[in-house]
Amino acid sequence: MVDAPNATVHEYPDREALSHGAATALVTDIHDVLRRQDRYTLALAGGSTPRRLYELLGNEEEGALPWNRLHLFWGDERYLPHTHPDSNVHMVREMLLNAAPIPDDNVHPMPTQGNSAAADAATYASTLQAFFNDRTDTFDTVLLGLGSDGHTASLFPETSNLGDTDQWVRVVEAPPRHDVSTRLTCTLPVLNGTRQAFVLVSGSQKQDALRGVLKERDPSLPGTHVDPQGHCYWYVDHAAWPTSEQ
Ligand code: 6PG
């Protein structure tokens, strides 16, 4: 039982099963939505949990996904060259883009090689504003993860002004416990402007954060503030959400 509003928890035995569950739900949603609109906008998460989901999406049988009508964005990015192994673009390219026949013009990575992180954040905000008129009405789906400290995208418990920033994309310095410090991240209003969110959480190291978000509603955890316009689906495995939490 969870106390988060508009939230549904889908529990799976392990990461492989939750990846398949999320992939099936996402592919179904894409087909449903594209019956009533021309394009589908999907914001991707970084980190390790979504890797298998991306691999499954990229390996969908030929023609199963209308890639020419999908637009991919990133919810956050480490401020590194896209060729760097810690780059989220690098990970998505490796797990999805190398296999999926998606037009280059439909892939919208966060720039990380401009004059400054602030300039690249402003550039990406313009990219988003070319697709969305309002921060409160953005993506069809946002994929997110949850850190063991309760962060999501690159919004950390230490990040100031979580919700009341008028920016679309901001520069954040991750706390020292994280490998890559300078990050670009969509702000919470932009992430919550999505119609729906899929939050993928796997592993026992996430138990405390997941309980803090879903049951305790701890406001100090950015994951607690994930509240899309529509529904929030939590794809979790039993290691992160043991039976005792259900
Ligand atoms: C990133 C992600 C980040 C991630 C969480 C969980 O750039 O690292 O966007 O928010 O989703 O840190 O990461 P794992 O999936 O690796 O546990």
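In the block above lies the structure referred to throughout.
What you see is a predicted model, and the numbers here were worked out from it, not measured in a lab.

A. Region of the structure containing the sheet that holds strand β8 (residues 182-186). Spatial ordering of the open sheet is given by β4-β8-β7, a layout of 3 strands whose pairing is antiparallel. Both outer strands of the open sheet, β4 (76-78) and β7 (169-173), are each paired with one neighbouring strand and no more. Geometrically, the sheet is characterised by an average inter-axis angle of 20 degrees between neighbouring strands, direction not taken into account.

B. A look at the nonpolar core. Within the largest apolar cluster, 78 residues are counted, with the highest numbers of intra-cluster contacts made by Tyr54, Trp74, Leu96, Leu128, Leu210, Leu214 and Trp234. Here this core gets 7 residues from one element, more than from any other, and that element is helix α1 (residues 15-33). With near-sequence residues (within four places) excluded, Leu128 lies in contact with Phe73, Phe139, Trp168, Val169, Cys186 and Val190.

C. Examining the pattern of salt bridges more closely. Overall, the coordinates contain 9 salt bridges when judged by the stated rule. Here Asp29 and Arg195 are joined by a salt bridge, their closest N and O atoms 2.6 Å apart. One end of the pair, Asp29, is in helix α1; the other, Arg195, is in the loop between α5 (188-192) and β9 (196-201), with 166 residues separating them in the sequence. With a relative accessible area of 12%, Asp29 lands in the buried category. The closest approach of N and O atoms between Arg177 and Asp149, which form a salt bridge, is 2.7 Å. Linking Arg177 in the loop between β7 and β8 with Asp149 in the loop between β6 (141-145) and β7, this pair joins segments that are 28 residues apart in sequence. Given a relative accessible area of 45%, Arg177 falls into the partly exposed group. A relative accessible area of 15% places Asp149 in the buried class. Connected through salt bridges with shared partners, the residues Glu16, Arg52 and Glu55 form a single ionic network.

D. Seen up close, the layout of surface pockets. For the largest pocket, the calculated volume is near 430 Å³. Every residue lining the largest pocket is counted, 25 residues in all, and those nearest its centre are Gly46, Gly47, Ser48, Gly147 and His151. When residues in the lining of the largest pocket are grouped by element, the largest group, 3 residues, is from β6. Class assignment for the residues of the lining of the largest pocket results in 7 nonpolar, 12 polar and 6 charged. Along the walls of the second largest pocket sit 13 residues, with Gln37, Thr41, Phe132, Thr138 and Asp140 positioned nearest its centre. Its residues assigned to classes, the lining of the second largest pocket shows 3 nonpolar, 6 polar and 4 charged.

E. Structural view of the packing of aromatic side chains. Under the defined criterion, the tally for this structure stands at 8 aromatic pairs. Taken together, a centroid distance of 5.7 Å and an interplanar angle of 80 degrees make the contact between Phe198 and Tyr233 edge-to-face. Note that Phe198 is positioned in strand β9 and Tyr233 in strand β10 (residues 231-237), a separation of 35 residues in sequence. Judged by relative accessible area, which is 2%, Phe198 ranks as buried. Of the residues examined, Tyr233 reaches a relative accessible area of 23% and is grouped as partly exposed. Plain terms: the ring middles of Phe198 and Tyr235 are 5.0 Å apart, the flat faces sit at 40 degrees to each other, and that makes the pair tilted. Of this pair, Phe198 sits in strand β9 while Tyr235 sits in strand β10, and the two are 37 residues apart along the sequence.

Conventions we followed
Residues numbered from 1 in each chain as written. Predicted model: local features only at pLDDT ≥ 70, side-chain atom pairs only at ≥ 80, totals over all residues. Heavy atoms only, no water. Pairing = 2+ DSSP bridges. Helix = DSSP H or I, 4+ residues; strand = E, 2+ residues; numbered from the N terminus. Axes fitted to C-alpha atoms, helices over the stretch in contact; angles between N-to-C directions. Core = buried A, V, L, I, M, F, W, Y, C linked by side-chain atoms within 4.5 Å. Buried < 20%, exposed > 50% of the residue type's maximum accessible area, 1.4 Å probe, protein only. Contact = heavy atoms within 4.5 Å. Salt bridge = Lys/Arg side-chain N within 4 Å of Asp/Glu carboxyl O. 1 Å grid on protein atoms, 1.4 Å probe; cavity = no way out; pocket = protein on both sides within 12 Å on 5 of 7 lines; lining within 4 Å. Points joined across faces, edges and corners; volume = space filled by probe spheres on them. Nonpolar A, V, L, I, M, F, W, Y, C, P; charged D, E, K, R; others polar. Phe/Tyr/Trp six-rings, centres within 6.5 Å; stacked < 30°, edge-to-face > 60°.

By themselves, these figures tell us nothing about what the structure is for.
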